[in-house]
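Fold and geometry: a report
Each chain, letter by letter, is given below.
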Amino acid sequence: MRIKDGFVLRDVLGDNVIIAEGLEASVDFGRLLCLNETAAWLWEEAVRQSDFTISSLAKALCEEYNVSEEKAQTDVTAIVEKWNVKGMIKE
Amino acid sequence: MNLEYYKVAGHIFSVYYEDNNPSVNLTSFEPFRQSSSKSDLFRLTIYKRKYIPTDFVEVFSQVEESYVISCGTLSEGKRCFHLQANQIDLCWLIVSSDYREGTLYLYGYSRRWAFETSTMILYTLATSNMQTALFHASVVSKNGYAYLFLGKSGTGKSTHSQLWLNHLEGTELVNDDNPIVRIVDGEARVYGSPWSGKTPCYRNVNYPIGGIVSLSQAPYNHIKRMTPLSAYASLLSSIIGIRWDRNLADGLHETERTIVGLVPMWYMECLPNAEAALLCAKEIEVK
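1. Details of the overall build of chain B
Of the regular secondary structure elements, chain B holds five helices and 19 strands. Whereas a compact globule of 287 residues would reach a radius of gyration of roughly 19 Å, chain B reaches 19 Å, a difference of no more than 12%. Taking the principal axes of the C-alpha coordinates as reference, chain B spans close to 55 × 40 × 35 Å. In chain B, buried positions account for 55% of the 287 residues. Of the roughly 12,500 Å² of accessible surface on chain B, a fraction of 47% belongs to carbon and sulfur atoms.

2. With respect to the overall build of chain A
Across its full length, chain A holds four helices and five strands. Taken over C-alpha atoms, the radius of gyration comes to 13 Å for chain A, in line with the 12 Å a tight globule of 91 residues would show. Taken along its principal axes, the extent of the C-alpha atoms in chain A is 40 × 30 × 20 Å. Each of the 91 residues in chain A was classed as buried or not, and the buried ones make up 40%. For chain A, the proportion of contacts with a sequence separation of at least 24, taken over those separated by at least 6, is 44%. On chain A, the mean spot of the 10 positive side-chain charges and the mean spot of the 17 negative ones are 4 Å from each other.

3. Quick notes on the interface of chain A and chain B
Taken together, the contact between chain A and chain B spans 13 residues of the former and 18 residues of the latter. Here chain A meets chain B over a buried area of about 1,400 Å², counting both sides, of which 71% is carbon and sulfur. Summed over the three residues of chain A that lose the most area to chain B, namely A:R10, A:L23 and A:R31, the buried surface amounts to 40% of that side. On the surface where chain A and chain B come into contact, there are two salt bridges.

4. Some details on unusual backbone geometry
The phi angle at A:S50 is positive, at roughly 70 degrees, despite the residue not being glycine. Assignment of secondary structure puts A:S50 in the loop between α2 (37–49) and α3 (54–65). Residue B:D185 is not a glycine yet carries a positive backbone phi of 50 degrees. By the element assignment, B:D185 lies in the loop between β14 (180–184) and β15 (187–191).

5. A closer look at the sheet that holds strand β3 (residues 33–34) of chain B
Residues and elements named next belong to chain B. Within the open sheet, the nine strands sit side by side as β3-β1-β2-β4-β9-β8-β7-β6-β5. Their pairing is mixed. The sheet is open, and its two borders are formed by β3 and β5 (57–64), each paired with just one other strand. Here six bridges tie strand β1 (residues 3–8) to strand β2 (residues 11–17), and the two strands are oriented antiparallel to one another. Following the sheet pairing, Y5 is matched in β2 by S14.

6. Structural notes on the confidence of the model for chain B
Low pLDDT marks stretches whose predicted atomic positions should not be read closely. Mean pLDDT over chain B works out to 92, with 96% of the residues at or above the 70 mark. With pTM at 0.92, the complex prediction returns an ipTM value of 0.85.

7. A short note on the packing of α2(A) against α3(A)
All names here are of chain A. Running from N to C, α2 and α3 point in directions that differ by 125 degrees, and their axes come no closer than 10 Å. In terms of orientation, α2 and α3 fall into the oblique class. The way α2 lies across α3 gives a crossing that is right-handed. Between α2 and α3, the contacting residues are E37, T38, W41, L42, E45, A46 and Q49 on the first element and S56, L57, A60, L61, E64 and Y65 on the second. Of the residues contributing to the contact of α2 with α3, the split by class is seven nonpolar, three polar and three charged.

8. Looking at the state of the cysteines
All names here are of chain B. Tallied over the full model, the rule gives zero disulfides over all chains. There is no disulfide at C91, and the cysteine sulfur nearest it, in C80, is 9.5 Å away. According to the relative accessible area criterion, C91 is buried, its value standing at 0%. C280 supplies the cysteine sulfur nearest to C270, a cysteine that is in no disulfide, at a spacing of 7.7 Å. Looking at C270, the relative accessible area reads 10%, which means it is buried.

9. Quick look at the packing of aromatic side chains
All names here are of chain B. Taken as a whole and judged by the stated rule, the model has 17 aromatic pairs over all chains. Where F13 meets F42, the ring centres are 4.8 Å apart and the plane angle is 5 degrees; that geometry is what we call stacked. Pair noted here: F13 is in strand β2 and F42 is in strand β4 (residues 42–47), with a separation of 29 residues, a long-range link. There is no split in this pair, since F13 and F42 are both buried. When the ring of F13 is compared with that of Y123, the centres are 6.0 Å apart and the planes differ by 70 degrees; the resulting orientation is edge-to-face. On the criterion of sequence distance, the pair formed by F13 in strand β2 and Y123 in helix α1 (residues 111–127) is long-range, its members being 110 residues apart. In this structure Y123 comes out as buried when scored by relative accessible area, which is 0%. Geometry around Y47 places R49 over its ring, the cationic atom sitting 4.6 Å from the centre. Between R225 and the ring centre of W266, over which it is positioned, the NZ or CZ distance is 5.3 Å.

10. Focus: the sheet that holds strand β3 (residues 15–20) of chain A
Spatially, the three strands line up as an open sheet ordered β2-β3-β4 (chain A), and their pairing is antiparallel. The open sheet is flanked by β2 (7–12) and β4 (32–35) of chain A, the only strands paired with a single partner. Across this sheet, the average inter-strand angle for adjacent strands is 30 degrees, counted without regard to direction. Looking at chain direction, β2(A) and β3(A) are connected through six bridges and run antiparallel. The residue of β3(A) that forms the bridge with A:V12 is A:D15. On the sheet, helix α3 (residues 228–238) of chain B packs against β2, β3 and β4 of chain A and is oriented at approximately 155 degrees with respect to β4(A).

Analysis parameters
- Residues numbered from 1 in each chain as written.
- Chains lettered and ligands numbered in written order.
- Predicted model: local features only at pLDDT ≥ 70, side-chain atom pairs only at ≥ 80, totals over all residues.
- Heavy atoms only, no water.
- Helix = DSSP H or I, 4+ residues; strand = E, 2+ residues; numbered from the N terminus.
- Rg over C-alpha atoms; globule rule 2.2 N^0.38 Å.
- Buried < 20%, exposed > 50% of the residue type's maximum accessible area, 1.4 Å probe, protein only.
- Areas by Shrake-Rupley, 256 points an atom, 1.4 Å probe, with all protein chains shown as cover.
- Contact = heavy atoms within 4.5 Å.
- Lys, Arg positive; Asp, Glu negative; His and termini not counted.
- Charge placed at Lys NZ, Arg CZ, Asp CG, Glu CD.
- Buried area = accessible area lost by both parts, 1.4 Å probe.
- Salt bridge = Lys/Arg side-chain N within 4 Å of Asp/Glu carboxyl O.
- Pairing = 2+ DSSP bridges.
- pLDDT = per-residue confidence, 0-100.
- Axes fitted to C-alpha atoms, helices over the stretch in contact; angles between N-to-C directions.
- Parallel < 35°, antiparallel > 145°, perpendicular 65-115°, else oblique.
- Left-handed = near helix turned anticlockwise from the far one by under 90°.
- Nonpolar A, V, L, I, M, F, W, Y, C, P; charged D, E, K, R; others polar.
- Disulfide = S-S within 2.5 Å.
- Phe/Tyr/Trp six-rings, centres within 6.5 Å; stacked < 30°, edge-to-face > 60°.
- Lys NZ or Arg CZ within 6 Å of the ring centre and 35° of its normal.

As structure tokens, then:
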């Protein structure tokens, strides 16, 4: 899966937010979505990987944050599901 | 005179008319006119004839009442805007990819709205990367500082400005619709503009910004400081910008972030009464 075009991660005085800037992106999105530090890191990793899966992100999270595979899998699944509900993911 | 120069918020641009008759009443632009300059940021050339590009691909359209602005591209990668009112063609604006040249084919009626909107579009495109942002706001000045009132159309921005004018001595109206904010030497300043359709207020003045208030209608008066995130979100809604070009989006974000860092921003729920203006001023006015 990929992150849809037009969604951009921006820093607002230390807070991480997703803004819908592309044309398709902005239609249903609302103004902005806050991400905590882990979610922001995952977002950047997802952009880096370009085409990613829950597993590929979980693996990267394990390596970066020194958490168990199981915890990583759970956390990533929850975060990506949230992005999906917001319409930011395309298969 | 075929070629006119204007300076708005410190940015100089020129307008060239194909023939000697502008055919557009430019009272609103008069205070911003200036003598010729070698360093214009962009030039808008106006032709008074019909021209419809055959390779226009629409990307986006914005509808407000009977006015439609359709945005898209032409085959050479140029940006193109088509303006209509009541389903009647007004004009086509074609912009070069570096946003330095615009060509306007202006032939319908409502030339004034078409001209104003076209110049506004080109101005935004050319300046978004220069710490400049075009706002949808009403602005007053008092004692050397300016205060911006933000809010969706119909919220009561103009009304609130009027209340300040009526009840707070020393208040003046800077612009009632589309002021320009620019970061200059580490300071956020607001400028009058030739775009102030609601109340004709075309003043070539500028002030340091004392505060920004986002308004909301309520059956009571209450004001509080906004967190940086809320402030940023308010700015996003109030700035007229084209964000699907990443460069422009980056530029606008920088300006928005800077404003949040420099200017106190407030959220006010209020009635359209004198008390609202007095409470607001008491809270936000720079001492």
